[in-house]
Amino acid sequence: MTKKILSSVSGEEKNNHEPFVMSFTSQNTSVLDRVTCNQKHLCPCCGTCLSEWGTIHTINARKGLCPVCGTFERQRAVCYDFIVAPPKSLTKKGAAVAYFGPHIEHTKLLRSATPAMHLQEFDYFAQGYRNSPTTVHADVQDIPLSDESFDGIIILHVLEHVPNLDKAISEMSRVIKSGGFIHHETPCYYDLDSLTESPLKNGLKPPSNFFGEVQDCEKYRKEDRKGICRQHDHLFGYTCNYLKKAFENHKFDCSYPDITQDIADRYGVVPQINRFRCIKKWNDSLNFKKLYWTQLHEKAQEAAKLLGFDESLWDNDSTVPIFSMPFESLGAEMKSAVNYLGLESYFEEARQNQE
């Protein structure tokens, strides 16, 4: 397979393939410009400069294959999004990331990125799909991980195969930490009553006999020969808005990528809303003093600073003068910060020590 892919690259394009390491640091948003590329396309995963994409031989053959690293649009979208706007939890060294529906070469490229992450592949091992020896068998509806043990999840073209969407999202929410991310892509239909832009940016056009938000592929497969249910192992088709709301119902904040058509053409990604990133909301009852300063998200750091903490005081479990004051004497903004960070007990401890 690898030899066949490499043989399709012209000599000129081979010369335009420079050593390339992805960098997921928020300070370096121009990393893609490090590769000198005068060709039409640039792969954001391996840095190869190309005159055209290779052919993806699926049910409907199309141009979209990187002939060097073998990535499709969905994998290149992960590379591009993580380079240009990396999730905060990914920018720390050693971030633990679970990858459902992994692509072998894509996994290797992500593992070589900086800062280094701990990337673990999971797959259901359905017949007809390739997996690396390091892939762990797992059902996304019953993930074999402890609560809040991962910083993020990548899940690409998996949820349309899953019998219970709600259970799968609930499990993903369980295993990632507050503030962690899910980079998600699932083929979906746009909503006919909320179409505001071209179908390209709003998902697939639903079949004429599809009404509602969920399509049972067992019922629609014969009629839906161009849509989601054309593939024999797809169980459900969803509208894009339904998928986004399903994640938001499990306390995620979700947003679509902001990608122009020019960017999509250049880097071989698709600017559809079948792809979005979700951040798990923070639990207001969580005691943030259990976390290091660098683990706090921006809102938590702002609340801590308002109470007189800086990084060194926070990490050393120090107290600050504010705890010697009666809680009732604090202003509304400070009370809100105390409640948000779960530090009410510190005021009680200070009162008891004084007595």
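Right above here is the structure, for reference.
Residues numbered from 1 in each chain as written. Predicted model: local features only at pLDDT ≥ 70, side-chain atom pairs only at ≥ 80, totals over all residues. Heavy atoms only, no water.

1. Some thoughts on the environment of Thr239
How we decide: Starting at the N terminus, helices and strands are each numbered in turn, a helix being any DSSP run of H or I of at least four residues and a strand any DSSP run of E of at least two. Accessible area is worked out with a 1.4 Å probe on protein chains only. A residue is then buried under 20% of its type maximum, exposed over 50%, and partly exposed in between.
Here Thr239 is to be found in strand E12 (residues 236-239). Assessed through its relative accessible area of 2%, Thr239 is described here as buried. In sequence terms Thr239 and Tyr190 are 49 residues apart; their C-alpha atoms lie 5.5 Å from each other.

2. Some points on the pairing of E12
Definition in use: Here, a strand pair is defined by DSSP locating no fewer than two bridges between the strands.
Burial along E12 is two-sided: the residues Phe236 and Tyr238 and Gly237 and Thr239 are all buried. Pairing of strand E10 (residues 188-189) with E12, which is carried by two bridges, proceeds in the parallel orientation. Bridge pairing in E12 links Tyr189 to Thr239. Note: strand E11 (residues 214-216) against E12, three bridges, orientation antiparallel. Residue Gln215 lies in a different strand from E12, and its bridge partner there is Gly237.

3. Description of the packing of helix H5 (residues 165-175) against helix H7 (residues 240-248)
Let me state the cut-off plainly: As a rule, the C-alpha atoms of each element are fitted with a line to give its axis, helices using only the stretch in contact, and angles between N-to-C directions run from 0 to 180 degrees. Reported orientations rely on four angle classes, namely roughly parallel under 35 degrees, roughly antiparallel over 145, roughly perpendicular from 65 to 115, and oblique for the rest. Helix crossings fall into two classes, left-handed where the near helix is turned counterclockwise from the far one by less than a right angle and right-handed where it is turned clockwise. Contact between two residues is taken to exist if any of their heavy atoms lie within 4.5 Å; hydrogens are not considered. Each residue gets one label: Ala, Val, Leu, Ile, Met, Phe, Trp, Tyr, Cys and Pro are nonpolar, Asp, Glu, Lys and Arg are charged, and the others, such as Gly, are polar.
Running from N to C, H5 and H7 point in directions that differ by 45°, and their axes come no closer than 9 Å. Considering the angle they form, H5 stands oblique to H7. Crossing of H5 over H7 shows right-handed handedness. Along the contact surface, H5 presents Leu165, Ile169 and Met172, while H7 presents Tyr242, Leu243, Ala246 and Phe247. Here the contact of H5 with H7 is composed, by residue class, of seven nonpolar, no polar and no charged.

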